Amino acid sequence: MAHADDAQQALPNTPGTHTGGDGVTRRRPLRERHVEETVAVAVPVRTAYNQWTQFKTFPRFSDVVRDVEQIRPTVTAWSIGYGPLRHRFAVEIVEQDPDAYLAWRGLEQHPSHQGEVEFRPAGSGGTAITVRMLLEPRGAARILTRSSGATRLTARLVRGELLNFKHFIEGMGQEGGAWRGTIRNGRVQHDQPEPPRSRVAQWPVG
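Per chain, residue numbering runs from 1 following the sequence as it is written. Where totals are concerned, whole chains, interfaces and linings use all residues; where local detail is concerned, this predicted model gives features only for residues with pLDDT of at least 70, and gives and counts side-chain atom pairs only at 80 or more. Each side-chain value is derived from all of the structure's non-hydrogen atoms; neither hydrogens nor water enter the calculation.

Attention now goes to the overall build of the protein chain. Scanning the protein chain from terminus to terminus reveals four helices and eleven strands. Taking all 206 residues of the protein chain together, 42% fall into the buried category. Any two residues whose heavy atoms approach within 4.5 Å are treated as being in contact. A separation of at least 24 residues holds for 55% of the contacts in the protein chain among residues at least 6 apart in sequence. Secondary structure is summarised from DSSP: a helix means a run of H or I of at least four residues, a strand means a run of E of at least two, and numbering begins at the N terminus for each. Residue burial is assigned from relative accessible area. The probe radius is 1.4 Å, only protein chains are included, and a residue is buried under 20% of its type maximum, exposed over 50%, and partly exposed in between.

Next up, the structure:
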């Protein structure tokens, strides 16, 4: 399993960063992608984002996600499939900005993928959610992903999942939970810096 520190080096297509007018540094969209789909959701950005971060609820609305397990604060294990077929893989969140952006990468070696989701205000107080994905196959699978048919199939699957999420959150009307943390290069950013460790030996007490 790759380490969080290797994120930028391991992914040549990982977005760079840019500073917006508000002074906040954000990542640029994937320079190369196989899929990009957008759906409008009739809930505020904060509500849509909060619910999206509740990864364990994905099986409640998804056609393909069967289970999500939290391994570490930035790593989850996903089980997907149809019928008796199952595939399990780990995903690392490498960047996360509350109410704006989330980027991930698969931790599999062969094949792998990376993706991102953006949340933007839309008309009438709603939210535009955009998902971009880049598949990174190896061997013969690389040829398949270059075909228009494979790309259309993946895009149709992503759009279907976005529509499922839309119906789910609009039906609830409010999020069922939230995680409001920020992640940079695979590391959770804390509001308060950790105090420096003492160089004095810690003697047992009692």
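From this point, the discussion proceeds with the structure in view.
On to the side chain of Thr-127, then. Within the secondary structure layout, Thr-127 lies in strand β9 (residues 127–136). Taking relative accessible area as the criterion, Thr-127 reaches 0% and is therefore assigned buried. N or O atoms within 3.5 Å of each other form a polar contact, as long as, within protein, one can give a hydrogen and the other can take it, and as long as residues adjacent in sequence are counted only when both atoms are side-chain atoms. A polar atom in the side chain of Thr-127 sits 2.9 Å from the backbone nitrogen of Val-45. In contact with Thr-127, other than residues within four places in its own chain, are Val-39, Ala-40, Val-41, Val-43, Pro-44, Val-45, Ala-48, Phe-119, Arg-120 and Ala-122.

Relative to the elements of secondary structure, Thr-154 occurs in helix α4 (residues 148–172). Sequence-distant contacts of Thr-154, that is, excluding residues within four places in its chain, are made with Val-35 and Leu-135.

Confidence scores per residue from the predictor, reported as pLDDT, run from 0 to 100. Taken over all residues, the pLDDT of the protein chain has a mean of 78, while the share at 70 or more is 68%. Looking at the elements of the protein chain, mean pLDDT is at its lowest for helix α1 (residues 7–10), recorded as 35, and at its highest for helix α2 (residues 45–52), recorded as 97. Between residues 1–24, whose pLDDT stays under 50, and residues either more than four places distant or in other chains, the model counts 54 contacts. Confidence drops under a pLDDT of 50 for residues 198–206, and excluding neighbours within four residues, the segment shows zero contacts in the predicted structure.

A separate point is the nonpolar core. What makes a nonpolar core is a set of buried Ala, Val, Leu, Ile, Met, Phe, Trp, Tyr and Cys residues whose side-chain atoms join them at distances within 4.5 Å. Within the largest apolar cluster, 32 residues are counted, with the highest numbers of intra-cluster contacts made by Trp-52 and Ile-129. Elements supplying a minimum of two residues to this core: β3 (35–41), α2, β4 (65–72), β6 (87–97), β7 (101–106), β8 (112–121), β9 and α4.

Within β9, nine of the ten residues are buried, which leaves the element mostly enclosed by the surrounding structure. The criterion for strand pairing is that DSSP finds at least two bridges linking the strands in question. As paired elements, β3 and β9 share seven bridges and run antiparallel to each other. Residue Val-41 lies in a different strand from β9, and its bridge partner there is Thr-127. Here ten bridges tie β8 to β9, and the two strands are oriented antiparallel to one another.

What follows concerns unusual backbone geometry. Most of the time, phi is negative for any residue but glycine, and the peptide bond is trans. Backbone geometry places Asp-99, a non-glycine residue, at a positive phi of 65 degrees. Its location among the elements puts Asp-99 in the loop between β6 and β7. The exposure class of Asp-99 is partly exposed, given its relative accessible area of 24%.

Before going further, it helps to spend a moment on the pattern of salt bridges. Here, a salt bridge means any Lys or Arg side-chain nitrogen found within 4 Å of an Asp or Glu carboxyl oxygen. Under the criterion given, the structure shown has eleven salt bridges. With a shortest N-O distance of 2.8 Å, Arg-105 and Glu-92 are connected by a salt bridge. Here the residue Arg-105 occupies a position in strand β7, and Glu-92 occupies one in strand β6, the gap between them amounting to 13 residues. The burial state of Arg-105 is the same as that of Glu-92; both residues are buried. Its salt-bridge partner being Arg-184, residue Glu-95 comes within 3.5 Å of it at the nearest N-O pair. Of this pair, Glu-95 sits in strand β6 while Arg-184 sits in strand β10 (residues 182–184), and the two are 89 residues apart along the sequence. The partly exposed category is assigned to Arg-184, whose relative accessible area is 25%. Where salt bridges share partners, they join Glu-36, Glu-116, Glu-118, Arg-120 and Arg-132 into one cluster.

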